[in-house]
Every structure is written in C-alpha cells, then in structure tokens.
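# Reading the structure
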Amino acid sequence: MDTWVGNAIMVLLVRQIILQPLPGETATSRLKQIGMMTLIFALHGSENPITLSTLVSMSGLTRGGVSETIDQLVRRELLFETMGHNVIGRGRARLFVISPGVLRKAYSITDGEL
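A few points on the structure. Every value quoted in this text rests on a predicted model; they were computed, and no experiment measured them.

Another point: the overall build of the protein chain. Looking only at helices and strands, the protein chain features five helices and three strands. Overall, the protein chain shows an N-to-C arrangement of helices and strands of α-α-β-α-α-β-β-α. Every one of the 114 residues in the protein chain was classed for burial, and the buried ones make up 37%. Within the protein chain, contacts between residues at least 6 apart in sequence are counted, and of these 52% link residues at least 24 apart. Per element, the accessible surface of the protein chain, about 7000 Å² overall, is 57% carbon and sulfur.

Pasting the structure below:
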C-alpha cells in the first residue's frame, strides 16, 4: 500500500473516532479504538485473517476488552465484520477488515479529490 494512502487512512480513522463520539463514550474508549485501529491497520493485507483471538494475543487486552472496542468500531462503520471458520476448523470466528468505504475515501483523497 502506498505511504500516502496509509497516512490518509489513519487520518480518516482518527478524525472519525475523535470528532464523532458515540453517545456515552469516554475519551479512554476513543483512545482504545484508535490503538485498536492502528493494530488492525498494521495487520491489514497480511495473509492471516484478523480475528478476536489474534487481536487479544497481540494487544494484551482481555477478550471482552477487545470485543467491546471492536463492537464500537463496527458500529462506527470503520470495520467490516464477517464470520469464518476457526483455524482448527471447528466453530466460527469473527473476521475483521477495514471498511471498504474508508479505503475508497482514502484513495480518492490521495488522488486529489476531497
């Protein structure tokens, strides 16, 4: 991914989280969301799917803490969630990708269209 596009994506994500708080949301919650999106952005495009288990192991947060933060990001439409199979083949896993709308907007900004 182009450096300019990556920078545009991060700016869009941070602005959305900081400037448009959800009802009853705390500043701490918004900072956790920014940190989680930074981690997800670093994992975006890798060959391994981004799952709750991956985020728990990489962030050091509890499963509940990661899930709560992720739910807020999905509600903001910054993340897109699907269901897939667990690595071991049994059960279902929540899979996450950066919202296609955010990616489209970042590419249009870097092409000079605001």
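In this model, helix 2 (residues 27-43) (17 residues) spans 25 Å end to end at C-alpha, consistent with the 24 Å of a helix rising 1.5 Å per residue. If you check which residues of helix 2 are buried, you get Ser29, Arg30, Gln33, Ile34, Met36, Met37, Leu39, Ile40 and Leu43. Where helix 2 ends, the next residue or the one after it, Gly45, has phi of about 90 degrees, a positive value.

With that settled, the discussion passes to the environment of Gly84. Topologically, Gly84 is positioned in strand 2 (residues 79-85). Considering only alpha carbons, one finds Gly84 and Thr51, 33 residues apart in sequence, at a separation of 9.3 Å. Excluding residues within four positions of it along the chain, Gly84 makes contact with Gly91, Arg92, Ala93 and Leu95.

Notably, Glu77 is not glycine yet its phi reads approximately 70 degrees, a positive angle. Structurally, Glu77 is set in the loop between helix 4 (63-75) and strand 2.

The subject of this paragraph is the packing of helix 2 against helix 4. Two numbers describe how helix 2 lies on helix 4: the axes approach to 9 Å, and their chain directions differ by 90 degrees. When the axis of helix 2 is compared with that of helix 4, the two are roughly perpendicular. Facing helix 2, whose interface residues are Ser29, Lys32, Gln33, Met36, Met37 and Ile40, helix 4 presents Gly65, Val66, Thr69, Ile70, Gln72 and Leu73. For the contact of helix 2 with helix 4, the per-class residue count stands at six nonpolar, five polar and one charged.

For the rest of this paragraph, the subject is the sheet that holds strand 2. Ordered in space as 1-3-2, the three strands form an open sheet in which the pairing is antiparallel. What marks the edges here is a single partner per strand, and that holds for strand 1 (50-51) and strand 2. Pairing geometry for strand 1 and strand 3 (residues 92-98), over two bridges, is antiparallel. Residue pairing for strand 3: Thr51 is matched across the bridge by Leu95.

This brings us to a nonpolar patch on the surface. On the surface, Val14, Ile18 and Leu19 cluster together into a nonpolar patch covering about 240 Å² of accessible area. Topologically, Leu19 is positioned in helix 1 (residues 3-19).

Reading guide: rules and limits
Residues numbered from 1 in each chain as written. Predicted model: local features only at pLDDT ≥ 70, side-chain atom pairs only at ≥ 80, totals over all residues. Heavy atoms only, no water. Helix = DSSP H or I, 4+ residues; strand = E, 2+ residues; numbered from the N terminus. Buried < 20%, exposed > 50% of the residue type's maximum accessible area, 1.4 Å probe, protein only. Contact = heavy atoms within 4.5 Å. Areas by Shrake-Rupley, 256 points an atom, 1.4 Å probe, with all protein chains shown as cover. Expected span 1.5 Å × (residues − 1). Axes fitted to C-alpha atoms, helices over the stretch in contact; angles between N-to-C directions. Parallel < 35°, antiparallel > 145°, perpendicular 65-115°, else oblique. Nonpolar A, V, L, I, M, F, W, Y, C, P; charged D, E, K, R; others polar. Pairing = 2+ DSSP bridges. Patch = residues over 30% accessible without salt bridge, like charges linked within 9 Å, V, L, I, M, F, W, Y side chains within 5 Å. Salt bridge = Lys/Arg side-chain N within 4 Å of Asp/Glu carboxyl O.

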